[in-house]
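One letter stands for each residue in the lines below.
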Amino acid sequence: MPITKLRPTYTFTEDRLKELESVVPEAFADGKINWDTLQEALGEHLEEPDAEHFGLSWPGKREARRLASIPSRGTLVPLPGQGVDEDTTRNIFIEGENLEVLKLLQKSYAGRVQVIYIDPPYNTGGDFIYSDDFSEPLEAYLRRTGQADEKGELLTTNTRADGRFHSNWLSMMYPRLRLARALLTEDGAIFVSIDDNEYHHCKCLMDEVFGPERYLATFVWQSRDTPGNDAKGVSTTHNYVLAYSRSDAFRVRRLPRTKKQLQNYKNPDNDPRGPWLGTPLTRGEFRPRDYYPLTNPAGQKVLPPEGSSWRRPRDVIEKLERDNRIWWGRDGTSTFPFIKQYLSEVKEGVVPTTWWDYKFAGSTRRSRKEIKELFGGRRGFETPKPLDLMRRILQIASQPDAIVLDFFAGSATMAQAVMLFNREDGGHRHFLMVQLPEPTGDSDLPTIAEIGKDRIRRAILHMRTEDEGSFDMPPDGNLGFRCYRLDRSHFKAWRDYQGQDLDTVQTRFDQFESPLVDGWQLQDLLTEILLIEGFSLDSAVTRQPAFTHNNVHLVTSDFHDHRLFVCLDPTIDDATVDQLDLTTNDVFVCLDAALTDQSKMRLSDACNLKVI
Ligand SMILES: C[S@@+](CC[C@H](N)C(=O)[O-])C[C@H]1O[C@@H](n2cnc3c(N)ncnc32)[C@H](O)[C@@H]1O
């Protein structure tokens, strides 16, 4: 196999190009598109250049679209010691700007996230909105967070006075939604919290990104449990949760019946089929065909009340009667019969509705109380969502082993909800939280990212204290998390080059004797390699003690059949090469200078060898 140079690539555009190439191969030559051939292939389906068309448009849309495909020059570096049970957990918290982070996750999480929930700024007129820098997004972020030379504001207020008030918000949302879509599993879905300020634009935007046919519902959440009498005009007591699926494969999960609903099923006649619920046999509409006399067990002839008819034709009812499925009251003399609907025969659970009452989905008042209690009475964060709202989303959308992503994580309510819901139903979902280190002005928890992490730590401690002595402890790894931070890549050319031309970056890589920055750290570079190779952050990374001459790490993941071996020592001993037991699908990554020509030949025969 040829030896490959390992370089950072994040493939949002590449993947889409590959898809296009598989459909229209004739329009591709050496990875480049022949525009004329593509146009010919699409023929009559091409729109006239100046044709009018229906859709959402705003100033800045083209730039926003381009922003989604500018590759990130960053990477994620681990923050050991900031999480809980870091070695056993698959839960992840990432501190960073979500557009950059979503780009970095494209390769390793594409098609793997089953539920995305986001609660972006609602654009109320005083909201802080991250203003993307189109020329060098990562550098701008690092400057703003004080990780580069100048400090600066992370977020700017988007006011109604700004002529681009709605456009700014749409331009912020558009590339993030595009990238988010690529991460969803085929049976996945996305839920977006929003209110009247941007609901209508958000719906159009989601229609464009996900397709109108993927629209699932707009859930109306009763966010206030009391009317706001101080409101000017009408008091708004609801928000929305807008939901879209990734494909037809998504199935809404039914909700378990509540105790009250179960209590409606009774068994007054000791029917061996168990408790049942009676539904009237009459329908409030006259249909001549279904108007005929029935005889009750007491021998009386019974007709449907005037203006109505029986719900079923005669032969069906006779069959039901023979099977003891009609209820004529305890003594059989009723003139108002019911059809028995057995609990054992009805579909599991009830269909969710679009009305989300504060009694089961929580209110903003309750969410503030929840976070305040967790933080020992201190007010932690102003705009958290209630745990029960998150729970409802998990209930209707998440499989027990789902990855749940929230990339506007705030105080990480969703992370806590995932852990609680796992405990409730025995699942082992894991969470992926992304949150900007937005300053809070509080010296104890100086950024919202710190609030999020602290909330997760506190929630874990709380759950563990509650669980102590219980035999129903959740499976290992559910109660823990690992932290990462967005930073520059360890690859020199990648971090220094300011343009967008990938060929130029490639040439620059080749010009460097070592493409790595000075002072790189093993664990940090390992994480970057993992992401470049498309392994997710929850992959198992283990140092292999059997190798005594070199430091060899093995990376494995449920999502890859092949294994990734990494050795970043300056020289690799022949004994290590002898000892490596590789298959042709396995990838081995090392420094270019670490291998002799002979070892390179041997390894490239045995596996997929990639050098830095
Ligand atoms: C409304 S809050 C989310 C609250 C959250 N649902 C909760 O329950 O705590 C929105 C969060 O998104 C964060 N945010 C805004 N722009 C961001 C960006 N570009 N990247 C990451 N986080 C961002 C803000 O700092 C804010 O904390």
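S.K.: Looking at this structure, I do not really get the pairing of strand β10 (residues 215-221). What am I missing?
M.R.: Bridge analysis of β10 against strand β11 (residues 239-245) gives 6 bridges, and the strand direction is antiparallel. Considered in β11, the bridge of T218 is made with L242. Bridge count between β10 and strand β19 (residues 355-356): 2 bridges; the pairing is parallel. Bridging across to β19, W221 finds its partner in W356.

S.K.: Sorry if this is basic, but what is going on with the nonpolar core here?
M.R.: Looking at soluble globular proteins, one finds that nonpolar side chains tend to be buried together. Residues L76 and I94 are the most contacted members of the largest nonpolar core, which totals 59 residues. Per-element accounting of this core gives the leading share, 9 residues, to helix α6 (residues 165-183). Other than its neighbours up to four places away in sequence, L76 contacts I94, V101, L104, L105, Y484, R485, L486, D524, T527, L531 and L537. By size, the runner-up hydrophobic cluster in this structure holds 50 residues, among which are F219, A412, F431 and I448.

S.K.: Even after reading the chapter, I still don't get the state of the cysteines, so can you show me in this structure?
M.R.: What we call a disulfide is simply a covalent bond connecting the sulfur atoms of a pair of cysteines. One pass over the structure, following the stated rule, counts 0 disulfides. In this structure C204 is a free cysteine whose sulfur lies 9.3 Å from that of C202, the closest cysteine sulfur available.

S.K.: Would you explain the domain arrangement of the chain in this entry?
M.R.: Often, the extent of an interface is quoted as the loss of accessible area upon association of its parts. The domain architecture assigned to the chain consists of domain 1 (4-45), domain 2 (61-256 + 350-488), domain 3 (259-342) and domain 4 (502-611). Using only C-alpha atoms to locate each centre, domain 1 and domain 2 end up separated by 33 Å. Contacts between domain 1 and domain 2 engage 6 residues on the former and 11 residues on the latter. Summed over both partners, the interface of domain 1 with domain 2 comes to about 750 Å²; 59% of that surface belongs to carbon and sulfur atoms. Where domain 1 touches domain 2, the interface holds 0 salt bridges. Here domain 1 is connected to domain 2 by 0 residue pairs in polar contact (both at pLDDT 80 or more). Partitioned by chemical class, the residues of the side of domain 1 that touches domain 2 number 2 nonpolar, 3 polar and 1 charged.

S.K.: Explain the site of the ligand here, please?
M.R.: Around the ligand, 20 residues are found, and the nearest of them are E97, S411, T413, Q435 and E438. The contact in question runs from an oxygen atom of the ligand to an N or O atom on the backbone of K385, over 2.8 Å. At 2.7 Å, a side-chain N or O of S411 approaches an oxygen atom of the ligand. Looking at the shell around the ligand residue by residue, the classes come out as 8 nonpolar, 7 polar and 5 charged.

S.K.: Can you help me understand the packing of helix α4 (residues 98-109) against α6 in this one?
M.R.: Each pair of packed helices can be described by the angle between their axes along with the distance between the axes. With their axes 9 Å apart at the nearest point, α4 and α6 run at an angle of 20° to one another. Between α4 and α6, the crossing angle belongs to the class labelled roughly parallel. Here the hand of the crossing between α4 and α6 comes out left-handed. Every residue of α6 that contacts α4 at N98, L99, L102, K103, L105, Q106 and Y109 is listed here: P175, R176, L179, A182 and L183. Counted by class, the contact of α4 with α6 contains 8 nonpolar, 2 polar and 2 charged residues.

S.K.: Can you walk me through helix α2 (residues 35-42) in this structure?
M.R.: Each turn of an α-helix holds 3.6 residues, which means side chains three or four residues apart point in the same direction. A distance of 3.1 Å separates the backbone nitrogen of D36 from a side-chain oxygen at the start of α2, and that oxygen is part of N34. Count one or two residues on from α2 and you reach G43, which has phi positive near 35°.

S.K.: Would you mind going over the sheet that holds strand β25 (residues 564-567) with me for this structure?
M.R.: Pairing between the strands of a sheet is mediated by backbone hydrogen bonds and can be parallel or antiparallel. One open sheet holds the 6 strands; their spatial order is β1-β27-β26-β25-β24-β23, and the pairing between them is mixed. Each having just a single partner strand, β1 (4-5) and β23 (540-543) make up the two edges of the open sheet. Both β23 and strand β24 (residues 553-556) contribute to a ladder of 4 bridges, which runs antiparallel. Bridge pairing in β24 links A540 to T556.

S.K.: How should I be thinking about the side chain of T413 in this particular structure?
M.R.: Within the secondary structure, T413 is located in helix α13 (residues 413-425). Within the structure, T413 has its side chain in polar contact with the side chain of S411 (distance 3.4 Å). Leave out the neighbours within four places in its chain, and T413 touches P384, K385, P386, L387, M390 and R455.

S.K.: Whenever I open this one, a negative patch on the surface confuses me. Can you help?
M.R.: Where like charges cluster on the molecular surface, the negative patch consists of E47, E48, D50 and E52. Looking at where E52 falls in the secondary structure, it is placed in the loop between α2 and α3 (61-69).

S.K.: Which parts of the structure should I look at to understand the sheet that holds strand β12 (residues 276-280)?
M.R.: Sheet architecture is open: 3 strands sit in the order β12-β18-β17, paired in antiparallel fashion. Because the sheet does not close on itself, it has two edges, and the strands there are β12 and β17 (326-327). In this structure, β17 lies alongside strand β18 (residues 338-342), joined through 2 bridges in antiparallel fashion. If you follow W327 over to β18, its bridge partner there is F338.

S.K.: Please clarify how the environment of P78 should be interpreted in this entry.
M.R.: Along the chain, the position of P78 falls in strand β4 (residues 74-78). Sequence spacing of P78 and T185 is 107 residues, and the spatial spacing of their C-alpha atoms is 26 Å. In contact with P78, not counting residues within four places along its chain, are C483, Y484, Q523, D524 and T527.

S.K.: I tried to follow helix α19 (residues 597-606) on my own but got confused; where do I start?
M.R.: Every buried residue of α19 is listed here: S599, K600, L603 and S604. Seen from one end, α19 has its buried residues packed into an arc of 125°, which puts them on one side. Facing away from the buried surface of α19 by more than 90 degrees, the exposed residues are Q598, M601 and D605. Where α19 is buried, its residues contact α18 (574-579), β26 (587-590) and β27 (608-611).

S.K.: Would you mind showing me how to read the packing of aromatic side chains here?
M.R.: Each aromatic ring pair is specified by the distance between its two centres and by the angle formed by the two planes. The tally for this structure, following the rule as stated, stands at 10 aromatic pairs. Ring centres 4.7 Å apart and planes at 40° place the aromatic pair Y199 and Y240 in the tilted group. Here Y240 lies in strand β11 and Y199 lies in helix α7 (residues 199-210), a separation of 41 residues in the sequence. Judged by its relative accessible area of 14%, Y240 falls in the buried class. Pairwise contacts between aromatic rings join F191, F219 and W356 into one cluster. The residue whose ring lies beneath K61 is Y174, and the NZ or CZ to ring-centre distance is 5.9 Å. The positively charged end of R112 is found above the aromatic ring belonging to F559, 3.5 Å away from the centroid.

S.K.: When you look at the pattern of salt bridges in this model, what are you seeing that I'm missing?
M.R.: Side-chain pairs of opposite charge can arise whenever the charged atoms involved come near each other. For the structure on display, the rule yields 39 salt bridges. Linking D578 and R602 is a salt bridge whose minimum nitrogen-to-oxygen distance equals 2.8 Å. On the criterion of sequence distance, the pair formed by D578 in helix α18 and R602 in helix α19 is long-range, its members being 24 residues apart. Accessibility expressed as a relative area gives 39% for R602, which makes it partly exposed. Among the charged side chains, a network of salt bridges with common partners joins D269, D271, R273, D323, R325, K340 and E345.

Reading the values: the criteria
- Residues numbered from 1 in each chain as written.
- Predicted model: local features only at pLDDT ≥ 70, side-chain atom pairs only at ≥ 80, totals over all residues.
- Heavy atoms only, no water.
- Pairing = 2+ DSSP bridges.
- Helix = DSSP H or I, 4+ residues; strand = E, 2+ residues; numbered from the N terminus.
- Core = buried A, V, L, I, M, F, W, Y, C linked by side-chain atoms within 4.5 Å.
- Buried < 20%, exposed > 50% of the residue type's maximum accessible area, 1.4 Å probe, protein only.
- Contact = heavy atoms within 4.5 Å.
- Disulfide = S-S within 2.5 Å.
- Domains from an automatic or database assignment.
- Buried area = accessible area lost by both parts, 1.4 Å probe.
- Salt bridge = Lys/Arg side-chain N within 4 Å of Asp/Glu carboxyl O.
- Polar contact = N/O pair within 3.5 Å; in protein donor to acceptor, adjacent residues only side chain to side chain.
- Nonpolar A, V, L, I, M, F, W, Y, C, P; charged D, E, K, R; others polar.
- Near = heavy atom within 4 Å.
- Axes fitted to C-alpha atoms, helices over the stretch in contact; angles between N-to-C directions.
- Parallel < 35°, antiparallel > 145°, perpendicular 65-115°, else oblique.
- Left-handed = near helix turned anticlockwise from the far one by under 90°.
- Patch = residues over 30% accessible without salt bridge, like charges linked within 9 Å, V, L, I, M, F, W, Y side chains within 5 Å.
- Areas by Shrake-Rupley, 256 points an atom, 1.4 Å probe, with all protein chains shown as cover.
- Lys, Arg positive; Asp, Glu negative; His and termini not counted.
- Charge placed at Lys NZ, Arg CZ, Asp CG, Glu CD.
- Arc of directions from axis to C-beta.
- Phe/Tyr/Trp six-rings, centres within 6.5 Å; stacked < 30°, edge-to-face > 60°.
- Lys NZ or Arg CZ within 6 Å of the ring centre and 35° of its normal.

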